[in-house]
Amino acid sequence: MKFISTRGSAPALSFEGALLAALAGDGGLFMPEVWPQLKPDEIAALAGLDYADAAYRVMRPYLEGDPCLADLEDVLSEAYEGFHHPAVAPLSQIGPNSFVLELFHGPTLAFKDLAMQVVSRFMNRALRRRGQRATVVGATSGDTGAAAIEAFRGLDAIDVFILHPEGRVSDVQRRQMTTATEPNIHNIAVQGTFDDCQAIVKALFGDQELNARLGLTGINSINFARILAQIGYYFTSAVTLGAPYRPVAFTVPTGNFGDIFAGYAARAMGLPVQRLVIATNLNDSLPRAFASGTYEPHGVIATASPSMDIQLASNFERLLFELAGRDASRVRSLMEDLRRQGSFQLSQGEFGQLREIFSAHSAGEDVTEMTIRGVFEETGMVVDPHTAVGIAASQQEAALGTTPMVVLSTAHPAKFPDAVKRAIGIAPAQPERLTLKLGSEERCTVLPADFGTVADFIVARAASPLTGAEA
Ligand SMILES: *Cc1c(COP(=O)(O)O)cnc(C)c1O
């Protein structure tokens with residue numbers, strides 16, 4: 001299997017190449033050159049397997065002929081060993097034909113663990129095989145940084161530098177990051193905003209000399225390996241509810257469009273997904289595009305579901321590539337419109353296809369809070385604000401007859417105790433593993449929001465040099 005760029009002018013790479021490069025050389029995102037197909041009997045045969053075994057069968061066709069295939073079985077079994085639920089991604093029922101898929105049983109209590117634990121292991125093994133080192137640099141508003149640090153701590157071929165805005169992440173989020181004491185983990189608290197952190201990271205990637213010297217790589221959801229590791233739970237949950245004989249619908253709390261794109265991939269592979277519902281908070285550029293066919297991101301609004309406080313959904317470019325019949329020149333022209341005029345307009349055909357598969361609804365802050373309360377009163381279940389946005393969106397979707405609706409629950413309520421307490425009057429129970437971690441000593445360096453200072457800090461501490469930065 002080869003991976004091609006959505007912008008059409010970068011060379012196709014193997015899975016291992018795309019994994020380490022993260023972003024294609026022409027600024028596009030990697031996509032598999034074809035969608036592998038699972039036949040109905042292969043889908044049915046996933047029933048009852050351990051999560052890691054089912055994920056293996058879903059991911060394997062993407063790694064055919066790649067050196068990473070030999071790692072796949074061990075990577076998956078190691079990645080999910082540390083989860084605190086034997087099913088890894090269990091389903092629970094909250095209403096007639098209405099289910100919640102619990103994706104928060106990993107070490108940092110958010111769904112990002114499901115993919116990050118896999119990607120970190122693939123990267124470390126690939127680098128060792130090549131005799132190389134790499135440097136992961138990322139900006140975070142909380143969850144991604146915590147999941148990345150937890151997944152990469154102690155690995156020997158990768159240094160990790162995570163920038164967060166000083167004083168602007170929650171206590172729980174900060175401590176999840178700064179209590180890692182392994183020498184390959186470096187926390188930088190930037191005296192500025194999340195946008196300052198992101199601008200510094202972008203500038204680092206844009207500096208060719210630094211890039212080559214440090215072997216920079218990215219682990220946010222523009223890396224196709226992240227998406228790939230998220231396809232598995234669409235299959236396992238759908239099979240539990242009767243697929244391939246019965247179609248299933250999903251509602252996905254959405255920020256960067258990575259998680260829901262994994263649902264699209266599952267559908268493209270043959271899973272009978274009747275509908276994919278995009279759920280957003282007040283940052284509603286996607287639901288607005290569903291009304292008009294025009295995608296026009298506005299400024300970011302801070303909400304109680306901060307991991308979805310994103311207007312520019314990077315992975316939407318992957319869906320555009322599909323809607324445009326994989327015409328890279330069309331993607332280039334839409335992305336150019338977005339850059340020049342801050343918006344783009346879908347064609348009739350693209351818009352029609354989008355609406356055939358997807359719907360989109362946004363939930364405001366009051367509705368989110370009422371949903372946390374409503375679910376608690378009706379079922380006794382405590383859900384976090386991101387999950388509540390998903391449940392609220394699923395309730396706006398027209399009934400789908402006998403098709404079950406699965407809402408992805410992306411974070412544990414204990415990560416957002418204040419919002420939960422506001423809604424139901426009591427704080428969510430804190431899992432013991434979180435309590436232990438939060439008591440430990442913190443390690444973090446405060447730096448000004450200045451590119452040169454941050455770059456010098458990274459160069460001085462990264463254990464590179466890298467031998468040959470070709471990806
Ligand atoms: C990252 C995140 C999301 C959004 O996922 P995308 O793949 O960016 O759409 C939703 N909920 C939580 C809790 C997250 O951490």
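Residues numbered from 1 in each chain as written. Predicted model: local features only at pLDDT ≥ 70, side-chain atom pairs only at ≥ 80, totals over all residues. Heavy atoms only, no water.

Quick reminder of the rule: UniProt positions are given in the numbering used here, feature names are shortened, and annotations may be inferred rather than shown by experiment.
Named according to an unreviewed UniProt entry, the chain is Threonine synthase originating from Methyloceanibacter methanicus. According to the UniProt record, the Sequence similarities (unreviewed entry) comment for the chain reads "Belongs to the threonine synthase family." Taken verbatim from the UniProt record of the chain, the Pathway (unreviewed entry) comment is "Amino-acid biosynthesis; L-threonine biosynthesis; L-threonine from L-aspartate: step 5/5."

**Remarks on the overall build of the chain**
To keep things clear, this is the line we draw: A run of DSSP states H or I qualifies as a helix once it reaches four residues; a run of E qualifies as a strand once it reaches two. Both are numbered from the N-terminal end. All radius of gyration figures rest on C-alpha atoms, and the globule criterion is 2.2 Å times the number of residues raised to 0.38. Buried, partly exposed and exposed residues are distinguished by accessible area as a fraction of the type maximum, computed with a 1.4 Å probe on protein chains only: under 20%, between the cut-offs, and over 50%, respectively. The contact criterion used throughout is that any non-hydrogen atoms of two residues lie within 4.5 Å. Computed with the Shrake-Rupley method and a 1.4 Å probe, the accessible areas treat only the protein chains shown as cover for residues. When charges are counted, Lys and Arg contribute as positive and Asp and Glu as negative, whereas His and the chain ends are disregarded. Charge positions are represented by NZ for Lys, CZ for Arg, CG for Asp and CD for Glu.
A tally of regular secondary structure across the chain gives 21 helices and 15 strands. In terms of C-alpha radius of gyration, the chain reaches 21 Å, essentially the compact-globule figure of 23 Å for 471 residues. Dimensions of the chain, computed from C-alpha atoms along their principal axes, come out at roughly 60 × 50 × 45 Å. Relative to its 471 residues, the chain shows a buried fraction of 59%. Look at the contacts in the chain between residues 6 or more apart in sequence, and 76% of them connect residues 24 or more apart. Carbon together with sulfur atoms contributes 50% to the accessible area of the chain, which is approximately 17,800 Å² in total. Distance between charge centroids for the chain: 2 Å, based on 38 positive and 52 negative side chains.

**Points about unusual backbone geometry**
Here the amide bond leading from A243 into P244 is cis, since omega sits at 5°, within 30 degrees of zero. Positive phi values are uncommon outside glycine, yet N97 reaches one of about 60°. As for its placement among the helices and strands, N97 is situated in the loop between β3 (91-95) and β4 (98-102). Here the phi dihedral of R326 falls at roughly 65°; this positive angle occurs in a residue that is not glycine. Inspection of the secondary structure puts R326 in the loop between α14 (316-323) and α15 (328-341).

**Remarks on the environment of D26**
So the rule is basically this: We call two N or O atoms a polar contact when they sit within 3.5 Å, provided that within protein one can donate a hydrogen and the other can accept it, with sequence-adjacent residues counted only if both atoms are side-chain atoms.
The residue D26 is located in the loop between α1 (15-21) and β2 (30-32) in this model. Apart from residues no more than four positions distant in its own chain, D26 is found in contact with S5, R7, G8, S9 and A10. Here G28 takes part through its backbone nitrogen, which lies 3.0 Å from a polar atom of the side chain of D26.

**Structural notes on the site of the ligand**
Defined as follows: Proximity criterion: a residue is near a molecule or strand once any of its heavy atoms comes within 4 Å of it. Polar here means any residue other than Ala, Val, Leu, Ile, Met, Phe, Trp, Tyr, Cys and Pro, which are nonpolar, and Asp, Glu, Lys and Arg, which are charged; Gly is therefore polar.
Around the ligand, the structure places 15 residues, and the nearest of them are K112, G255, N256, D259 and T410. Burial of the ligand by the surrounding chains reaches 96%, relative to a free accessible area of 380 Å². Class assignment for the residues of the shell around the ligand results in 5 nonpolar, 7 polar and 3 charged.

**Some remarks on the UniProt feature "modified residue: N6-(pyridoxal phosphate)lysine" (unreviewed entry) in the chain**
On the UniProt side, "modified residue: N6-(pyridoxal phosphate)lysine" (unreviewed entry) is annotated at positions that read K112 here. Within the element layout of this structure, K112 appears in helix α5 (residues 112-130). When its relative accessible area of 12% is taken as the criterion, K112 is described as buried. Aside from chain neighbours lying at most four places away, what touches K112 is D143, T144, A147 and R226.

**A word on the pattern of salt bridges**
Which entries qualify depends on this criterion: Whenever a carboxyl oxygen of Asp or Glu lies within 4 Å of a side-chain nitrogen of Lys or Arg, that contact is scored as a salt bridge.
Following the criterion strictly, the structure yields 24 salt bridges and no others. When the shortest N-O distance is used, the salt bridge between R125 and D71 registers 3.6 Å. Residue R125 is located in helix α5, and its partner D71 is located in helix α4 (residues 69-81); the two are separated by 54 residues in the primary sequence. For R125, a relative accessible area of 25% gives the class partly exposed. Between R340 and E336 there is a salt bridge, with its nearest N and O atoms 3.5 Å apart.

**Section: the pairing of strand β6 (residues 158-165)**
Formally: At least two DSSP bridges between two strands are required for those strands to pair. Every crossover in which the path from the first strand over the helix to the second runs clockwise, viewed with the strands pointing away from the viewer, is termed right-handed.
Where burial is concerned, most of β6 is hidden: 8 out of the 8 residues are buried. Side chains of β6 alternate between two faces, with I158, V160, I162 and H164 and D159, F161, L163 and P165 buried alike. Of the pairings in the sheet, the one linking strand β5 (residues 134-139) to β6 comprises 6 bridges and is parallel in character. From the neighbouring strand, V137 faces β6, where its bridge partner is F161. Of the crossover connections in this fold, the one passing from β5 over helix α6 (residues 143-152) to the parallel β6 is right-handed. Here β6 runs beside strand β7 (residues 185-191); their pairing, made up of 6 bridges, is parallel.

**Section: the sheet that holds β5**
Under the convention used in this document: Axis lines are fitted through C-alpha atoms, for helices just across the contact stretch, and the angle between N-to-C directions can take any value from 0 to 180 degrees.
A sheet is described by the order of its strands in space; here 5 strands give the open sequence β8-β5-β6-β7-β15, paired in parallel fashion. With one partner strand each, in any of the chains shown, β8 (216-217) and β15 (445-448) form the two edges of the open sheet. Lying over the sheet, α5 contacts β5, β6 and β8, oriented at roughly 140° with respect to β6. In this fold helix α8 (residues 194-206) packs onto β5, β6, β7 and β8, with an angle of close to 150° to the strand it touches most, β5.

**Re the environment of G48**
Relative to the elements of secondary structure, G48 occurs in the loop between α2 (40-44) and α3 (51-63). A residue is classified by how much of its surface remains accessible, and G48, at 83% relative accessible area, is exposed. Taking the C-alpha atoms as reference points, G48 and R339, 291 residues apart in sequence, are found 47 Å from one another.

**Structural notes on the UniProt feature "domain: Tryptophan synthase beta chain-like PALP" (unreviewed entry) in the chain**
Per the UniProt annotation, the sites labelled "domain: Tryptophan synthase beta chain-like PALP" (unreviewed entry) are residues 99-332. For residues 99-332, the helix share is 44%, the strand share is 18%, and the end-to-end C-alpha distance is 39 Å.

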